[in-house]
Amino acid sequence: MRINEIAKTRVRYGYKRIHVLLRREGWSVNHKRVYRIYCEEGLNLRTKKPKRRKSTAQRVQRPPATFLNQSWSMDFVTDSLFNGHRFRSLTIVDNFSRECLAIEVDQHIKGEDVVKVVEQIKAMRGLPNYIRVDNGPEFISKELDKWAYENKVTLDFSRPGKPTDNAYIESFNGSFRDECLNINWFLSLDDAREKIEEWRRDYNDWRPHSSLDNLTPSEYLEKQDTRNSVFSPIMACTVLG
């Protein structure tokens, strides 16, 4: 039952990684037995099943984020310099405030690079309960899996071919491409980093967000802080009364 549960949520994991997760949870089982059960349950044939029927049974509706740092979303966006050389941008967003926490720009971004970026954010604002990601190789890497396990962060994988499972980051990436990548001419990686970081700050501090009642992410956070400071004395008096 546990092997099936893991296979349903981590759809890109084979029996070897499932075996590692089982051992982490305290199951005393060797890889041969895991492989035998894996085959008996037909999990080795998952890639041959229609994606629509396979993935529909794996997911329930995700509840919206209700507080800061409850959940983040991560994804990649690809673009080109003026000479045609490709580069990638790792985008990270807080799903509650819609704040863009980081945009890492480089030609190649691997699993260990993703870990470095989230560690930098961790030092400034802590960590979320879970992070929504797709099934790209950087997000299913051993480095990120190890980091998530050690920091007690759940990696919430979207279904293959279902970008709506990670709607917040898809919406952000659309704005990022329309408002930054498509209107700028990048002469170098450093030039791209500078212009993209300037746009990120503008997005957080100046750009109104329709889903936040046309507030910026920064204004929305200030409003939440003010509301909490107003209600906390009332709540305290209620408890004392």
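Scope of this entry: the structure provided in the associated data block. (Residues numbered from 1 in each chain as written. Predicted model: local features only at pLDDT ≥ 70, side-chain atom pairs only at ≥ 80, totals over all residues. Heavy atoms only, no water.)

## Thoughts on a negative patch on the surface
A cluster of acidic residues, Glu-194, Glu-198, Asp-202, Asp-205, Glu-219 and Glu-222, forms a negative patch at the surface. Listing elements by their share of the negative patch, those giving two or more residues are helix H8 (189–205) and helix H9 (217–240). When residues in the negative patch are grouped by element, the largest group, four residues, is from H8. When its relative accessible area of 57% is taken as the criterion, Glu-194 is described as exposed. (Patch = residues over 30% accessible without salt bridge, like charges linked within 9 Å, V, L, I, M, F, W, Y side chains within 5 Å. Areas by Shrake-Rupley, 256 points an atom, 1.4 Å probe, with all protein chains shown as cover. Salt bridge = Lys/Arg side-chain N within 4 Å of Asp/Glu carboxyl O. Lys, Arg positive; Asp, Glu negative; His and termini not counted. Charge placed at Lys NZ, Arg CZ, Asp CG, Glu CD. Helix = DSSP H or I, 4+ residues; strand = E, 2+ residues; numbered from the N terminus. Buried < 20%, exposed > 50% of the residue type's maximum accessible area, 1.4 Å probe, protein only.)

## A closer look at the pattern of salt bridges
Scanning the entire structure with this criterion turns up 15 salt bridges. For Lys-122, the salt bridge is made with Glu-119, and the minimal N-O distance between the two is 3.7 Å. With Lys-122 and Glu-119 both in helix H5 (residues 111–125), this residue pair falls three residues apart, about one helical turn. Judged by relative accessible area, which is 31%, Glu-119 ranks as partly exposed. Here Arg-200 and Glu-197 are joined by a salt bridge, their closest N and O atoms 2.8 Å apart. In this pair, Arg-200 and Glu-197 are both assigned in helix H8, three residues apart and thus about one turn of the helix distant. For Arg-200, a relative accessible area of 15% translates into the label buried. Through salt bridges with shared partners, one network takes in Arg-2, Glu-5 and Glu-25.

## A closer look at the nonpolar core
By size, the foremost hydrophobic cluster in this structure holds 23 residues, and its most contacted members are Met-74, Leu-90, Ile-92 and Phe-139. Those elements giving two or more residues to this core turn out to be strand S1 (71–80), strand S2 (86–94), strand S3 (100–106), H5, strand S4 (130–133), helix H6 (142–150) and strand S5 (154–157). No other element matches H5, which puts five residues into this core. Excluding anything up to four places from it in sequence, Phe-139 contacts Met-74, Asp-75, Phe-76, Leu-90, Val-114, Val-133, Asp-134, Leu-144, Leu-155 and Phe-157. By size, the runner-up hydrophobic cluster in this structure holds 18 residues, among which are Val-77, Phe-87, Val-105 and Leu-189. (Core = buried A, V, L, I, M, F, W, Y, C linked by side-chain atoms within 4.5 Å. Contact = heavy atoms within 4.5 Å.)

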